Amino acid sequence: MKDFEYFSASSLQEACSLISQYKDVGKVLAGGQSLITLLRQKLISPTCLIDIKGLKELDYIEFDKKSGLRIGALTTHRAIEKSPLIQEKYNVLSEMEKSVASVQTRNWGTIGGNLCSADPIGDPAPSLIALGAKLKLVSAKGERIVALEEFFTDYFTTIIEPDEILAEIQMPPPAPNTAVEYMKFSTIEAGIKIVSTSVAITVEAGSDVCKDAKIVMSAVAPIPLVTKKAAEMLKGKKLTDDVIEEAAKMAASETDPTSDVHASAEYRKEIVKVLVKRAIKKAFEKAKKA
Amino acid sequence: MNGSKKTINVKVNGESYELSIKPKMTLLQLLRNELGLTGTKQACMDNSCGACTVIVNKMAVKACSVLAMQVNGKEVTSVEGLASRDGKLTPLQEAFLEHSAFQCGFCTPGKLMSSTAMLEEMSDPTEEDVRRDMEGNLCRCTGYVQYLAAIMAVVRQRKEGSK
Amino acid sequence: MNERSVVGKPLPRVDGKAKLTGKAKFTTDVVLPGMLHAKLLRSPLPHAKIRSIDTSKAEKLPGVVAVITGKDTWGIRYGFVDTPNYPAEERPIAEDKVRFIGETVAAVAAIDPDTAEDALDLIEVDYDPLPPVFDPVEAMKDGAPQIHGEITRTTSCAWEDWGVARKSHSYTPVNNVAARVLVTYGDVEKGFAEADYVREDRSRSPGTSHMAMEPHTMVASWDPFEQKLDVWMNHMAYELKRYWLHKTLDIPITKIRIHKTYVGGAFGGKAPCYDYEVICGFLARKLCKPIKIELTREEVFSSCRNSHRFDINIKTGVKKDGTIVAQHVSVIVDAGAYKCSAPVAMFLSHAMCDPCIDRKNVRHEGVAVYTNKNFNFARRGHGAPQMRLAADCQYDQICEDLGLDPVEFLLKNLRKKGDVCPNGDRLDSYGLPEAIKKSAEAIGWKEKRGKQRDKNRGVGIGINGMFSGSGYWPFACTAIVRLNHDGTITLIEGDCEFGQGADTAYSQIAAECLGLSLEDVTLISSDSELCPMNYSNFLSGGLFVGGGAVYNAAMNLREKILRVASEVMRAKPEDIELKNRAAFLKSNPKRSYTFTELMRYHIQKHLGDPLIGYGYKKAVPEIEFYPSLSKGTGRFTDAYGFTASTAEVEVDRETGRVRVLKIVVADDCGFEINTAAIKGQMVSQAVQGMGDALFEEIMDDEGRVLNPNLVDYEVPRAFDIPEIEVIDCSDYEPKGPFGGKEAGECARAAVISAVVNAIYDATGVRVMRIPVTPERMFNALKAQGK
Ligand SMILES: Cc1cc2nc3c(=O)[nH]c(=O)nc-3n(C[C@H](O)[C@H](O)[C@H](O)COP(=O)(O)OP(=O)(O)OC[C@H]3O[C@@H](n4cnc5c(N)ncnc54)[C@H](O)[C@@H]3O)c2cc1C
Ligand code: FES
Ligand code: FES
């Protein structure tokens, strides 16, 4: 590993001013669960790290009936997984978090770091997008709110500016008659996800008809993939097995996966069909009861 | 930039240290190279095996992927800090011994630290909880069965003890 | 002797407290004053001439102490197979050319690992790329790039050193053939002519990683005054490593000391000589400074030995009732850039078959081929898992074709206890029939086989046999047992503790022989300077040969103690028993003398002789010469261990993902010295075998390893473990210590076949290429329209 200068920020404000000062050579360090490996492999060699891990002001999970959920960017994966609040109101996040890396990484790694890593196989982004998440980005110059759906631009790349810090993830209150389901496919249980998906289904109250749908997938495109046509196919329809199967096929056709050691592109598409079908079914069943 | 040394204060296995280190030093290097605590092992260096697991403020973390600077002001426990100084093993260590829960022993410190933290966090885990929480600790020798049995034995012991 | 009170029990391991408290010293934990760290520059090309290497920039980097290249180590050769016919061709650093991606081309010693690594980036190598060849079949074609020229001998080989007088000659591979074997017996043509049914199949087993948790590491320190090299290293038998260091560095063998460290797993992968070991010793001597080389996980995957890739064509003829009458096996082993143990692996793929099943007329031919890839070595089973996959899956299919039951089929074709194999090995213990029956029963064979396809579930069976040490090298061990002042003993033997439990099992054996408890044994092991000669830990000979030597040494001391006791007590030795550090009369236990008293008496009366037991054992006492690898003739081992395994799986037809529900391992490892350790060995192999069957594979693209880390090379983790049942089917082995024999590597092969056969039962689709990944299964199901 190369040497670097190290600053530990004691407030968000200080962090912002440090990052604006060092934006060309510096990197924000949260839990380091991705960053340290990149440094060790010399894939990146910043000359300075601005450590924000200690910022208590960005470590919170708060809920308000009107405005919904707010998660500080430095909240750890484990805190989200174990939060009674999240288990009660956004259980899919807790379930999804159980599949993120290992307990040790979840204990130290942060949700903000995960999103900013923009790894196309990351698990949280699809679930958060399905829940309608927005991000609050702050810098010395001010702050802005962006939809998570618009955050990612390419492999490991986001719209975040070098002097910006992700401060908060915001989600609307849980929608009525809606269920969100996370599903993954990997060779070994804790293995790399060949595909994972989060599906949100809203039904017309007391019926089998789908009012709204959102299907988001990871590992099948450079960024978390939000299907347009497949979700559209479900809307306004009674969700019979045939309808679901057709939508799943459509979802597969919307993906653009690559081949790697874990799976070929063709196989990933096949898995998308199965996984999306299963996730829609499950979300649908749950939505009817929600 | 020169990566000039910085000072940290850290408590390791109950002892307080003030150390001057390069910022790039990992917690694993701090333990093994600076403090000579070689019980914590390194088997992959890329955050994927769990051999380097230690406990920081009650949480299991992988020491190879945490910068030593980040444990400034925190409490670290490594495998050397489990048994008492006069040679009394913890119930988990006893159970590992009794159940032949290890073979080569290279993954064992990490497994002990993960399971110690887990049993602190969960009062009554099921076997499924245990298996899921131990996913981060790879073991090539044992096939896991005997050490999962050892952990479950401690869970049962504790339940019986609390009755 | 007494009722057994120490062996046959699940006693806690003697290395337990050290390993559970972080006190156990592994090589990676060794730190010496003034120690330097070395890193290796690896070739980025699979096949290229080295035009020149410029190390000047690297040498100037502050903190760098030395840079060496092939120029410095030119001419040093070593190899696992280094015989009169096949001279060694491995070298510590590439000289004029590189033969695989990851081959060492230079080494840097520096004040810390980071500096050494930074210096690697400053070394400039000018390569002249040569056309590479990656596929063994392509490599054998005329006109293929030739990976090696004439291989000449630079030093004498072990065969010559040990006086197995034969003249060595050089070897020039033709069409990249590294070695061949041809084993025949019976009349294969006639056998096939008599068969009612003949089937031919192909199987493929990939290269896999041993994935021992401790990455390969060595520390060496040179004493310039004594001209002596002190070494701490990852090994499986120090005699082998010491011999290689002695030959490659030209240091007298007793001027090399290998110190005891615990080894963090091995599974075969730490037995052969490695480039970094020679380099480490070389640098330590050159610089007169301690050197540590700790490989990264990526280096372990891409530059250290993996298991052999095997392509097998198997043709078997059977009678209508399933009796096997002939078998013709052709094996192609992808050796990689250097042959290492490839010639052994393809022979063993035959040798492990022979004690299991009587095939009557056999032709087994093998060819090991050089390719421009990393090269290979034994992994837990060494050739057997690859061969069992071919044989057991074909037997399963033959049964399907002829409407026979695979369990009945196996039972019908087994050898029998007391049989003599074609090479002369006698099966004095043979628990395989019982293992087959019990493993079938435990999985619910009768109720389930062929009856659960509607549920996508199936069961399958596999078997295996494995030697307990063999007559290669001077395969013999010695042990010493010293009686101490307080009546305890000190056991001195050389075996290495890499997890298998040698330290504990040997201590149990010695204690049992002398009526002591485990706590009464102090152990000195695995130190080449303190321990007597020891060649046993590999080839599965640990317990049978090493443990046998311990048994003999302890019994030798027992005899001596009994002799003194009989002198003192004026009783016949057979009327005396030993227990609790004392000798007593069986008829009157009150009449007793403590070991301390007997020892004092003996020293006084017998010229100071303090009572020391001494024992030794040779793997195959009856043979003087090595069996022939290339012809498969000659005695091979004195006892075989056996396993039958059954498995139940469930297949998700939509995705192809296979879930293993249960694995049964029924094992005959002879008498179980430590029952908990044996269970550990069996569970371990069940889980490794499952990984092999379903997902483990080193993948490469044009010789570049694509998954050299634990994220991309997936191995089973805690949540992947199915229900595992271990059944003891031990058959007492008269020649083993207390009746014990091989236990560490037989089962893995049986488990692989069991899982793969269960997949067939669940789906009706035969896949004979492992790993059966979800994608491979999905494609197979699709191809067969199922
Ligand atoms: C072995 C392994 C397995 C994994 N498995 C999974 C998995 O199954 N699923 C999954 O989703 N993820 C997985 N991950 C990724 C893991 O979840 C992330 O590494 C972790 O969440 C990153 O968080 P961190 O706080 O450690 O970020 P860091 O490593 O500190 O930072 C990551 C990147 O984000 C930037 N950054 C961090 N925080 C901010 C911020 N607030 N504002 C701006 N920039 C910021 C950093 O500069 C850096 O570039 C795995 C990682 C490892 C090592
Ligand atoms: S060494 Fe830290 S996770 Fe492997
Ligand atoms: S005991 Fe060897 S890796 Fe776990």
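All values reported here derive from a predicted model rather than from experimental measurement.

Rules behind the numbers
Residues numbered from 1 in each chain as written. Chains lettered and ligands numbered in written order. Predicted model: local features only at pLDDT ≥ 70, side-chain atom pairs only at ≥ 80, totals over all residues. Heavy atoms only, no water. Helix = DSSP H or I, 4+ residues; strand = E, 2+ residues; numbered from the N terminus. Buried < 20%, exposed > 50% of the residue type's maximum accessible area, 1.4 Å probe, protein only. Polar contact = N/O pair within 3.5 Å; in protein donor to acceptor, adjacent residues only side chain to side chain. Contact = heavy atoms within 4.5 Å. Expected span 1.5 Å × (residues − 1). Pairing = 2+ DSSP bridges. Axes fitted to C-alpha atoms, helices over the stretch in contact; angles between N-to-C directions. Domains from an automatic or database assignment. Buried area = accessible area lost by both parts, 1.4 Å probe. Salt bridge = Lys/Arg side-chain N within 4 Å of Asp/Glu carboxyl O. Nonpolar A, V, L, I, M, F, W, Y, C, P; charged D, E, K, R; others polar. Near = heavy atom within 4 Å. Areas by Shrake-Rupley, 256 points an atom, 1.4 Å probe, with all protein chains shown as cover. Phe/Tyr/Trp six-rings, centres within 6.5 Å; stacked < 30°, edge-to-face > 60°. Core = buried A, V, L, I, M, F, W, Y, C linked by side-chain atoms within 4.5 Å.

What follows covers the side chain of Ser507 of chain C. All names here are of chain C. Position of Ser507 relative to the elements: it lies in helix α16 (residues 502-513). For Ser507, a relative accessible area of 2% translates into the label buried. A distance of 2.7 Å separates a polar side-chain atom of Ser507 from the backbone oxygen of Asp503. Apart from residues lying up to four places away in sequence, Ser507 is in contact with Val14, Leu491, Leu518, Val521 and Leu523.

Right, let's get into the environment of Ala283 of chain A. Residues and elements named next belong to chain A. Structurally, Ala283 can be placed in helix α11 (residues 265-289). Among the residues examined, Ala283 registers a relative accessible area of 0% and is labelled buried. Aside from chain neighbours lying at most four places away, what touches Ala283 is Ala179, Glu181, Val199 and Ile201.

An α-helical turn contains 3.6 residues, so a residue and the one three or four places further along point in the same direction. All names here are of chain A. Here helix α10 (residues 241-254) is 14 residues long and its end C-alpha atoms lie 20 Å apart, about the 20 Å a rise of 1.5 Å per residue gives. Restricting attention to buried positions, one finds in α10 the residues Val243, Ile244, Ala247, Ala248, Ala251, Ala252 and Glu254. Turning to α10, the residues buried within the fold contact β13 (210-218), β14 (225-226), α9 (229-234) and α11.

Where strands meet in a sheet, backbone hydrogen bonds hold them as pairs that are either parallel or antiparallel. All names here are of chain C. Reading across the sheet, the 4 strands line up as β19-β18-β17-β23 and stay open at both edges, with mixed pairing between neighbours. Every other strand in the sheet has two partners, leaving β19 (521-525) and β23 (612-618) as the edge strands with one partner each. When strand polarity is set aside, the average angle formed by the axes of neighbouring strands in this sheet is 15 degrees. With 7 bridges joining them, strand β17 (residues 476-483) and β23 adopt antiparallel strand pairing. Pairing of Ile480 across the sheet is with Tyr614, part of β23.

A word on the domain arrangement of chain B. Residue and element names in this part refer to chain B. Segmentation of chain B into domains returns domain 1 (6-81) and domain 2 (91-161). In this assembly, 17 residues from domain 1 lie in contact with 13 residues from domain 2. Between domain 1 and domain 2 lies a buried interface of about 1100 Å² when both sides are counted; carbon and sulfur atoms form 68% of it. Inspection of the region where domain 1 meets domain 2 yields 0 salt bridges. When contributions to the side of domain 1 that touches domain 2 are tallied by element, the ones reaching two or more residues are β3 (53-56) and β4 (59-62). Here the side of domain 1 that touches domain 2 gets 3 residues from one element, more than from any other, and that element is β3. Its residues placed into classes, the side of domain 1 that touches domain 2 shows 7 nonpolar, 7 polar and 3 charged.

Residue and element names in this part refer to chain C. The end-to-end C-alpha separation of helix α19 (residues 675-694) is 29 Å, in line with the 28 Å expected for 20 residues at 1.5 Å each. A large share of α19 lies buried, amounting to 18 of its 20 residues. For α19, the N-terminal cap is Asn674; the gap from its side-chain oxygen to the backbone nitrogen of Ala676 is 3.0 Å.

This next bit is on the site of ligand 1. Close to ligand 1 lie 28 residues; Val28, Gly32, Ser34, His77 and Asp123 of chain A are nearest. Mapping the residues adjacent to ligand 1 onto the chains of the assembly identifies chains A and B. Note that an oxygen atom of ligand 1 is positioned 2.5 Å from one of the side-chain N or O atoms of His77 of chain A. The backbone of Ala101 of chain A places a nitrogen or oxygen atom 3.1 Å from an oxygen atom of ligand 1. For ligand 1, whose free accessible area comes to 970 Å², the fraction covered by protein is 87%. Put simply, the parts of the chain that give the shell around ligand 1 at least two residues each are β2 (26-29), α7 (111-117) and β10 (165-171) of chain A. Taken together, the residues of the shell around ligand 1 sort by class into 12 nonpolar, 13 polar and 3 charged. No fewer than three residues from each of domain 1 (5-51) and domain 2 (60-171) of chain A sit in the shell around ligand 1.

So, on to the interface of chain B and chain C. Contacts between the two partners involve 46 residues from chain B, matched on the other side by 51 residues from chain C. Taken over both partners, the interface formed by chain B and chain C buries close to 3900 Å², and the fraction arising from carbon and sulfur atoms is 60%. Interface area lost by chain B to chain C is led by Gln103, Leu138 and Arg140 of chain B, which between them contribute 20%. One can count 4 salt bridges joining chain B with chain C. A salt bridge links Asp114 of chain C to Lys24 of chain B; the shortest N-O distance between them is 2.7 Å. Counting across the chain B and chain C interface gives 23 residue pairs in polar contact (both at pLDDT 80 or more). For the side of chain B that touches chain C, the secondary structure elements donating two or more residues are α2 (91-98), α3 (108-121), α4 (127-133) and α5 (145-162) of chain B. With 4 residues, α5 of chain B is the single largest residue contributor to the side of chain B that touches chain C. Broken down by class, the residue content of the side of chain B that touches chain C amounts to 22 nonpolar, 14 polar and 10 charged.

Let us look at the interface of chain A and chain C. You'll often see interface size given as the accessible area lost when the parts meet. Counting from both sides, the interface comprises 22 residues of chain A and, opposite them, 23 residues of chain C. Carbon and sulfur atoms make up 53% of the area that chain A and chain C hide from each other, which totals about 2000 Å². In this assembly, chain A and chain C are joined by 13 residue pairs in polar contact (both at pLDDT 80 or more). Counting residues per element, the ones that place at least two in the side of chain A that touches chain C are β11 (178-186) and α11 of chain A.

With that out of the way, let us pick up the sheet that holds strand β1 (residues 36-42) of chain C. Residue and element names in this part refer to chain C. Pairing is mixed across the open sheet formed by 7 strands, whose spatial order is β3-β5-β1-β12-β9-β10-β11. In this open sheet, the two edge strands, each paired with only one partner strand, are β3 (64-69) and β11 (256-258). Each adjacent strand pair in this sheet contributes to an overall mean axis angle of 20 degrees, direction not counted. Each of β1, β3, β5 (104-110), β9 (217-223), β10 (228-233) and β12 (291-294) touches helix α9 (residues 275-287); the most contacted strand, β9, lies at about 25 degrees to it.

If a strand is regular, its side chains alternate between the two faces of the sheet. Residues and elements named next belong to chain C. The element strand β13 (residues 309-318) is extensively covered by neighbouring structure, given that 9 of its 10 residues are classed as buried. Pairing between strand β8 (residues 197-205) and β13: 9 bridges, direction antiparallel. Directly across from Arg202, in β13, lies its bridge partner Asn313. The pairing of β13 with strand β14 (residues 324-336) spans 10 bridges and is antiparallel. Residue pairing across strands places Ile314 opposite Val329, the latter belonging to β14. The antiparallel hairpin formed by β13 and β14 contains 5 residues in its connecting segment, where Gly322 sits at a positive phi of about 100 degrees.

A few words on the packing of aromatic side chains. Residue and element names in this part refer to chain C. Within the structure shown, the criterion is met by 23 aromatic pairs over all chains. Plain terms: the ring middles of Phe100 and Phe375 are 5.7 Å apart, the flat faces sit at 80 degrees to each other, and that makes the pair edge-to-face. Taken as a pair, Phe100 in the loop between β4 (97-98) and β5 and Phe375 in the loop between β15 (362-370) and α12 (384-402) lie far apart in primary sequence, 275 residues in all. Taken as a pair, Phe100 and Phe375 share a single burial class, namely buried.

Turning our eyes to something else, we now look at the pairing of β2 of chain A. Of the strand pairs in this sheet, β2 of chain A and strand β3 (residues 48-51) of chain A are connected by 4 bridges, and their pairing is parallel. Each residue of the ladder has a partner; that of Gly26 of chain A, found in β3 of chain A, is Cys48 of chain A.

A word on the pattern of salt bridges. In total, this model carries 95 salt bridges over all chains according to the counting rule given. When the shortest N-O distance is used, the salt bridge between Asp163 of chain A and Lys141 of chain A registers 3.1 Å. With Asp163 of chain A in the loop between β9 (157-158) and β10 and Lys141 of chain A in the loop between β6 (134-139) and β7 (142-147), the pair connects residues that are 22 residues apart, well separated along the chain. With a relative accessible area of 71%, Lys141 of chain A lands in the exposed category. A salt bridge links Asp260 of chain A to Arg268 of chain A, with the shortest nitrogen-to-oxygen separation between them at 3.1 Å. Residue Asp260 of chain A is classed as partly exposed on the basis of its relative accessible area, which comes to 39%. The class of Arg268 of chain A is buried, set by a relative accessible area of 3%. The structure contains a network of salt bridges with shared partners spanning Arg78, Glu81, Lys82 and Arg106 of chain A together with Glu121 and Asp133 of chain B.

Ranked by internal contacts, the top residues of the largest apolar core, which has 186 residues, are Ile291 and Leu514 of chain C. In terms of residue count, helix α17 (residues 542-569) of chain C provides more of this core than any other element does, 15 residues in total. Core analysis: the next-biggest nonpolar cluster, separate from the first, contains 93 residues, Leu119 and Tyr147 of chain B together with Ala647 and Ile752 of chain C among them.

It is worth spelling out unusual backbone geometry at this point. Cis peptide bonds are those with omega within 30 degrees of zero, and the linkage from Ile770 of chain C to Pro771 of chain C qualifies with 0 degrees. Its location among the elements puts Pro771 of chain C in the loop between α20 (747-763) and α21 (774-783). Not every positive phi belongs to a glycine, and Asn177 of chain A is a case in point at roughly 55 degrees. Note on Asn177 of chain A: relative accessible area 24%, which makes it partly exposed.

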